[in-house]
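What the coordinates show
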Amino acid sequence: MPLAKVPSFDARARAVAASLGLRHTLADMLIMPIQRPPRYLMLLERALHILQAAVAADAAGWVEMASPLAPLEAAVATVREVVADLNECKRETDTLREVSRVQRQLRGTMALEHPCRRFVAQGELCRLMRGGEWQPRRAILFNDLLLLCRQAAAPRVQPASPA
């Protein structure tokens, strides 16, 4: 039986959460694995905040200890670095995925995918041609390249000849 379904445990967990001023239940804390590191950081920061207040008020006689919060502060710093690294890896993966998506959309033999190439932005614009005519283009900006693309013409459908 899950702990959240045990009445005594559930009541105790709610009482502790209420005493700390938290509105989250145990089920709120059971989340997808990729979301856990940021949640761990939030939990550690909240614990540090509460303990800093307790030390400041000397609620547990912690003033006698040399640095009672040093291990928790070190843990917060370490988890903060891990979360920042995870976020950066996620951004890198997303930009590489976007370069691949653009590559699949383009016709031709130009190879866009490169380890150093990052997608930045894309949008619609008009290009002024030599005859004074404006033609729509799609601009795709990478960290090292700007592509101006025209829309592919729709394939022509040949009318069926009567037999």
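Here the structure is a predicted model, which is why all the values come from computation and not from measurement.

Quick notes on the overall build of the chain
In terms of regular secondary structure, the chain is built from 4 helices and 3 strands. Along its sequence from the N terminus, the chain presents helices and strands in the succession α-α-α-α-β-β-β. In the chain, buried positions account for 15% of the 163 residues. Accessible surface computed for the chain: about 12,900 Å², of which carbon and sulfur atoms make up 61%.

Focus on the packing of aromatic side chains
Going through the model one piece at a time under the given rule, you end up with 1 aromatic pair. Here Phe119 and Phe142 contribute two aromatic rings whose centre-to-centre distance is 6.1 Å and whose plane-to-plane angle is 80°, an arrangement assigned as edge-to-face. Note that Phe119 is positioned in strand S1 (residues 119–128) and Phe142 in strand S2 (residues 134–142), a separation of 23 residues in sequence. Residue class for Phe119 comes out buried when judged on its relative accessible area of 17%. Under the relative-accessibility criterion, Phe142 is labelled buried at 2%.

Some points on the pairing of S2
For S1 and S2, the ladder comprises 9 bridges, and the chain directions are antiparallel. Looking at S2, one finds that Phe119 is bridged to Phe142. Hairpin connection from S1 to S2: 5 residues lie between these consecutive antiparallel strands, with Gly132 at a positive phi of about 85°. In this structure, S2 lies alongside strand S3 (residues 146–149), joined through 4 bridges in antiparallel fashion. Residue pairing across strands places Leu141 opposite Leu146, the latter belonging to S3.

Reading the values: rules and limits
Residues numbered from 1 in each chain as written. Predicted model: local features only at pLDDT ≥ 70, side-chain atom pairs only at ≥ 80, totals over all residues. Heavy atoms only, no water. Helix = DSSP H or I, 4+ residues; strand = E, 2+ residues; numbered from the N terminus. Buried < 20%, exposed > 50% of the residue type's maximum accessible area, 1.4 Å probe, protein only. Areas by Shrake-Rupley, 256 points an atom, 1.4 Å probe, with all protein chains shown as cover. Phe/Tyr/Trp six-rings, centres within 6.5 Å; stacked < 30°, edge-to-face > 60°. Pairing = 2+ DSSP bridges.

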